[in-house]
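Chain by chain, the residues run as shown.
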Amino acid sequence: MFTNKSDKKINEVSTVIGEATTVEGRFQVKSSIRVDGKIFGELKCDGDVTIGKEGYVEKGIISRNLYIAGTVKGNVKVQNKVHILESGHLDGAVEMKSIIIDENGHFHGRSIMKNNIDKITAMKSKKNNIVEIEKSISDKESDTATEKEKDNNLVDQHQ
């Protein structure tokens with residue numbers, strides 16, 4: 001309903017890399033971007049990245065969401081969703097919460113879904129806590145058994 005200025009800025013496409021444009025090196029955008037040209041280097045974007053049909057990015061992308069109609073070669077780290085459209089190509093490792101690949105869209109590489117990483121980490125953490133609790137209980141039980149043995153030895157010595 002109400003959006004603040006920073007949300008509006010992130011959602012608006014304020015930068016367009018045209019078909020005749022090539023960018024090399026690191027590229028950082030505080031809003032959303034559309035790429036119809038070529039970027040050779042890392043693209044870091046606070047908003048969404050849209051790669052047009054003629055767009056090409058090689059090296060890596062970090063963004064909120066990524067929509068690919070062109071080609072991306074490299075590692076991708078996205079906060080939310082990657083959507084590979086029917087003309088899109090993604091070649092590389094991608095980390096995201098969800099991925100959509102339209103019919104005829106291409107993905108070649110490795111994917112890591114963030115939700116699963118969080119769940120696995122939480123499960124491992126719980127498992128470690130359970131092991132620690134079980135260990136401390138068994139340590140207490142062995143301490144209690146050792147004390148009983150000492151008491152029995154004292155009783156035996158006095159008899």
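The present account deals with the structure reproduced in this document. Every chain begins its residue count from 1, and numbering advances along the sequence as written. Residues qualify for local features only when their pLDDT is at least 70, as the model is predicted, and side-chain atom pairs are given and counted only at 80 or more; totals for whole chains, interfaces and linings, by contrast, use all residues. The basis for the side-chain values is all heavy atoms of the structure; hydrogens and waters are excluded.

**As for the overall build of the protein**
Right, on to step 1. Under the DSSP-based scheme used, a helix requires at least four consecutive residues in state H or I and a strand at least two consecutive residues in state E, with every element numbered from the N terminus. Scanning the protein for helices and strands turns up 2 helices and 13 strands.
Right, on to step 2. Whether a residue is buried, partly exposed or exposed follows from its accessible area with a 1.4 Å probe, protein chains only, as a fraction of its type maximum: under 20%, in between, or over 50%, in that order. Counting all 159 residues of the protein, 28% fall into the buried class.
Right, on to step 3. Contacts between residues were defined by any pair of non-hydrogen atoms, one from each residue, lying within 4.5 Å. Taking the contacts inside the protein whose residues are at least 6 apart along the sequence as the reference set, 4% of them involve residues at least 24 apart.
Right, on to step 4. Note on areas: Shrake-Rupley with a 1.4 Å probe; residue coverage comes only from the protein chains shown. Carbon and sulfur atoms provide 49% of the accessible area of the protein, an area that totals close to 10,900 Å².

**A few points about the packing of aromatic side chains**
Right, on to step 1. Any Phe, Tyr or Trp ring, taking Trp's six-membered ring, that has another such ring centre within 6.5 Å forms a pair; planes under 30 degrees apart are called stacked, those over 60 apart edge-to-face, and the others tilted. Scanning the model with the defined rule gives 1 aromatic pair in all.
Right, on to step 2. Ring geometry for Phe 40 and Tyr 56: centres 5.7 Å apart, planes at 50 degrees, overall tilted. Here the residue Phe 40 occupies a position in strand E5 (residues 38–45), and Tyr 56 occupies one in strand E7 (residues 56–63), the gap between them amounting to 16 residues.

**Regarding the sheet that holds strand E8 (residues 65–68)**
Right, on to step 1. The parallel open sheet is built from 6 strands, whose spatial order is E1-E4-E6-E8-E10-E12. Lying at the two open borders of the sheet, with one neighbouring strand each, are strand E1 (13–17) and strand E12 (98–101). Adjacent strand axes in the sheet meet at a mean angle of 10 degrees when their direction is disregarded. Two strands qualify as a pair provided DSSP detects at least 2 bridges between them. Think of each axis as a best-fit line through the C-alpha atoms, taken over the contacting stretch in the case of a helix, with angles from 0 to 180 degrees between the N-to-C directions.

**Side note on the nonpolar core**
Right, on to step 1. Within this scheme, the nonpolar core is defined by two criteria: the residues are buried Ala, Val, Leu, Ile, Met, Phe, Trp, Tyr or Cys, and they are joined through side-chain atoms within 4.5 Å. Judged by nonpolar contacts, the single largest core of 22 residues is most densely connected at Ile 51, Ile 61, Leu 66 and Val 82.
Right, on to step 2. If you list the elements that add at least two residues to this core, you get strand E4 (32–35), E5, strand E6 (48–51), E7, E8, strand E9 (71–78), strand E10 (81–84) and strand E11 (89–96).
Right, on to step 3. Those residues in contact with Ile 51, other than ones at most four positions away along the chain, are Val 35, Tyr 56, Val 57, Ile 61, Leu 66, Tyr 67, Ile 68, Ala 69, Gly 70, Thr 71 and Val 72.

**With respect to the side chain of Ser 63**
Right, on to step 1. In this fold, Ser 63 is placed in strand E7.
Right, on to step 2. Of the residues examined, Ser 63 reaches a relative accessible area of 2% and is grouped as buried.
Right, on to step 3. Beyond its immediate chain neighbours, meaning those up to four positions away, Ser 63 contacts Cys 45, Gly 47, Val 49, Lys 77, Val 78 and Gln 79.

**A look at the pairing of E7**
Right, on to step 1. Taken together, the 7 bridges between E5 and E7 define a ladder with parallel strand orientation. Within E7, the position partnered with Phe 40 by the bridge is Glu 58.
Right, on to step 2. In terms of strand pairing, E7 meets E9 through 8 bridges, oriented parallel. Across the sheet, the residue bridging to Val 57 is Val 72, located in E9.

**Concerning the pattern of salt bridges**
When the charged atoms of two side chains lie near each other, side chains of opposite charge can form a pair.
Right, on to step 1. The salt bridge definition used is simple: a Lys or Arg side-chain nitrogen within 4 Å of an Asp or Glu carboxyl oxygen. This model, assessed by the stated rule, comprises 3 salt bridges.
Right, on to step 2. In this structure, Arg 34 and Asp 36 form a salt bridge, with 3.0 Å as the shortest nitrogen-oxygen distance.
Right, on to step 3. Judged by relative accessible area, Asp 36 falls into the buried class, the value being 16%.
Right, on to step 4. Put simply, Asp 48 and Arg 64 hold a salt bridge, and the shortest N to O gap is 2.9 Å. In this pair, Asp 48 is assigned in strand E6 and Arg 64 in the loop between E7 and E8, connecting sequence segments 16 residues apart.
Right, on to step 5. On the basis of relative accessibility, which here comes to 18%, the residue Arg 64 falls in the buried class.

**A closer look at the environment of Ser 14**
Right, on to step 1. Relative to the helices and strands, Ser 14 is located in strand E1.
Right, on to step 2. Residue Ser 14 is classed as partly exposed on the basis of its relative accessible area of 47%.
Right, on to step 3. Measuring from C-alpha to C-alpha, the distance between Ser 14 and Lys 30 comes to 8.9 Å, with 16 residues separating the pair along the chain.
Right, on to step 4. With sequence-adjacent residues up to four places away left out, Ser 14 is seen in contact with Ser 31 and Ser 32.

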